[in-house]
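Descriptive structure summary
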Amino acid sequence: MKLIIATIKPFKLEQVREALTEAGIRGLMVTEVKGFGAQSGHTEIYRGAEYVVNFVPKVKLELVVADSMADQIVEVISTSARTGKIGDGKIFVLDVNQTVRVRTGETGEDAI
Amino acid sequence: MTKIKYLPLAAAIAMVPTLGAAQDAEFATLEQTTFIFNTLLFLIGGFLVFWMAAGFAMLEAGLVRSKNVTTQLTKNMGLFGIAAIMYWLIGYNIMYPGDGNWIIEGVFGTISPKDIKTDIDAGGYSNASDFFFQLMFCATTASIVSGTMAERVKLWPFLIFVVVLTGIIYPIEASWQWGGGFLSAMGFSDFAGSTLVHAAGGFAALAGAIILGPRLGKYSKEGRVIPLPGSNLALATLGTFILWMGWFGFNGASQLAMGTLEDVDAVAQIFANTNMAAAAGAIAALILTQVMYGKVDLTMVLNGALAGLVSITAGPLDPTLFGALWIGAVGGVIVVFAVPFLDKLKIDDVVGAIPVHLIAGFWGTLVVPVYTEGTSFVTQIIGFAAVGIFVFVISLIAWMILKATLGIRASEEAEINGLDTSELGMEAYPEFSNG
């Protein structure tokens, strides 16, 4: 099983969610985060004083998939989240040791 | 027009023989009508100025950070209640002792609670309505102070200061002019309170800000100014519009009479001028921030509108609409320069109350002789200085005493975590942190 962590631009969320659902995923977690990568912040001014906003709002997706689906899901996220401009985000793939469904107690790939 | 002016007087004289039979008459006499309309003006003006308390509360709540909102709102509720009580207890009669009753003639009135169960004096106005109306001005003065000192002053020492401000400081200095004291004898002119209310509140706030010190992290060691943006500009804007509306009562009802054609026309002119000054102040700040910073700053536009209102408050009747425009516009310009200037002096004024009320208050007071006959720039400056020095010095002493006894500043940890959790144990937006 693989945990896929992806950061995307917030306005892309709906498009990515739709694409993932069509690809057959059955669960997804979404968090609002701030961050920076290559895309840097910007300067603002408040009552005559300048300040730099270093972080940019992003959305973080986390989902666990079967090993066989991992590459396909990474491709789906990449394609649907891409704008071609700086700040499109990153995707990380990690190994998952164990998965449990709380309601039934199922484990392993059955629990995904 | 001259003939019409004398008509009410002539009619009243003609009716003198019939006044004895007034109780049997179906309709009010002319004198009674005048009483009714005067009283009505005080009542309407009174609740409009009351509404300014909501304006201040929303403006301040919107310009402080989320973690301090509940405390700020509590200060606003508290100061209004205290003003209402103190003004009844001693304030009104210090301010309006009446002829021959001064403890120190022209300087200090009487000390007693206000009684509103007085006889009706036809041709005048209801005493209760005057108390109600004037009380609102006292409360307005106090709310000016709470904005400046936000986000680090402790709740109870602040409220104790309000007791002193509303019970003693404001009534004394206002008595010098509106109570018939030495300033009015001198020819000082302050129609609705650019000095007596706004600059006075500004001076009390300035004294407090100096003794209190700036917020943590506001000024860096290298001398940089670090913005601490407000939590809700929608509330701040709402508050400004509410203040703008309330100001029609603040200035309009200060005509103090509405029973004649001249008086009600004066009230109407005041409404129009007041509105123009606010609009001009807002636009001046809008244009100036665009030019100076390349971007409009909404908080400066809000301050600009209020500064325009303060600027016209000393003389809202006599200027033409064009006069109200340039007077208000200068107020807006003042604010855009004064806000960063205060930061240069390391005086941390969270909402810009000192530029809006003190500095624009001086401008409004100074400019009166341009349109009002019988006034002079020298007298205006003397009046402003007298009130200013008195309020500033007494406030400074009060804040220093409070600092030495109770302490006026929240602890560093409390300030960092937010006053809401330390002073009140209650957050304004709990769902956003605890879920």
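A quick note: this is a predicted structure, and the numbers were derived from the prediction, not measured. (Residues numbered from 1 in each chain as written. Chains lettered and ligands numbered in written order. Predicted model: local features only at pLDDT ≥ 70, side-chain atom pairs only at ≥ 80, totals over all residues.)

**Considering the interface of chain A and chain B**
Across the contact, six residues belong to chain A and 12 residues belong to chain B. Contributing elements (two or more residues each) for the side of chain A that touches chain B: strand 3 (42–46) and strand 4 (49–53) of chain A. Taken together, the residues of the side of chain A that touches chain B sort by class into four nonpolar, one polar and one charged. (Contact = placed C-beta atoms within 7 Å. Helix = DSSP H or I, 4+ residues; strand = E, 2+ residues; numbered from the N terminus. Nonpolar A, V, L, I, M, F, W, Y, C, P; charged D, E, K, R; others polar.)

**So, the packing of helix 5 (residues 155–175) of chain B against helix 13 (residues 377–405) of chain B**
Residues and elements named next belong to chain B. At a closest axis distance of 11 Å, the pairing of helix 5 and helix 13 adopts a crossing angle of 155 degrees. Taken together, the axis directions place helix 5 and helix 13 in an arrangement best described as roughly antiparallel. Crossing handedness for the pair helix 5 and helix 13: right-handed. Across from P157, I160, F161, V164, I169 and E173 in helix 5, the residues of helix 13 making contact are V387, F390, V391, I394, S395, A398, W399 and L402. In the contact of helix 5 with helix 13, the residues fall into 12 nonpolar, one polar and one charged. (Axes fitted to C-alpha atoms, helices over the stretch in contact; angles between N-to-C directions. Parallel < 35°, antiparallel > 145°, perpendicular 65-115°, else oblique. Left-handed = near helix turned anticlockwise from the far one by under 90°.)

**Side note on helix 13 of chain B**
All names here are of chain B. Here helix 13 is 29 residues long and its end C-alpha atoms lie 42 Å apart, about the 42 Å a rise of 1.5 Å per residue gives. For helix 13, the complete set of buried residues consists of Q380, G383, F384, V387, G388, V391, S395, A398, W399 and L402. In this structure, the buried side of helix 13 is in contact with helix 5, helix 6 (182–186), helix 7 (194–212) and helix 12 (353–366). One or two residues past the end of helix 13 sits G407, with phi positive at roughly 80 degrees. (Expected span 1.5 Å × (residues − 1). Buried ≥ 20, exposed ≤ 12 C-beta atoms within 10 Å, placed from the backbone.)

**Side note on the nonpolar core**
In terms of nonpolar packing, the biggest core is built from 127 residues, with A83(B) and V335(B) touching the most fellow members. A per-element tally of this core places helix 2 (residues 30–63) of chain B first, with 13 residues. Apart from residues no more than four positions distant in its own chain, A83(B) is found in contact with L135(B), C138(B), A139(B), A142(B), V162(B) and T166(B). One finds L61(A), L63(A), V65(A) and I73(A) within the second-largest nonpolar core, a separate group that totals 12 residues. (Core = buried A, V, L, I, M, F, W, Y, C linked by C-beta atoms within 7 Å.)

**Points about the pairing of strand 6 (residues 91–95) of chain A**
Residue and element names in this part refer to chain A. With zero of its five residues buried, strand 6 lies for the most part at the surface. Two elements, strand 1 (residues 2–8) and strand 6, share five bridges in a ladder whose sense is antiparallel. Paired with A6 across the strands is I91, a residue of strand 6. (Pairing = 2+ DSSP bridges.)

**Details of unusual backbone geometry**
All names here are of chain B. The backbone phi angle of L256 is positive, close to 65 degrees, even though this residue is not glycine. On the basis of neighbour counts, which here come to 17 C-beta atoms within 10 Å, the residue L256 falls in the partly exposed class. A positive phi is found at K346, a non-glycine position, where the angle reads about 60 degrees. Residue placement: K346 occurs in the loop between helix 11 (321–344) and helix 12.

**Some points on the environment of K346(B)**
All names here are of chain B. Given 14 C-beta atoms within 10 Å, K346 falls into the partly exposed group. Sequence separation between K346 and A307 is 39 residues, and the spatial gap between their C-alpha atoms is 21 Å. The residues touching K346, leaving out its near neighbours within four places in the chain, are P214 and Y219.

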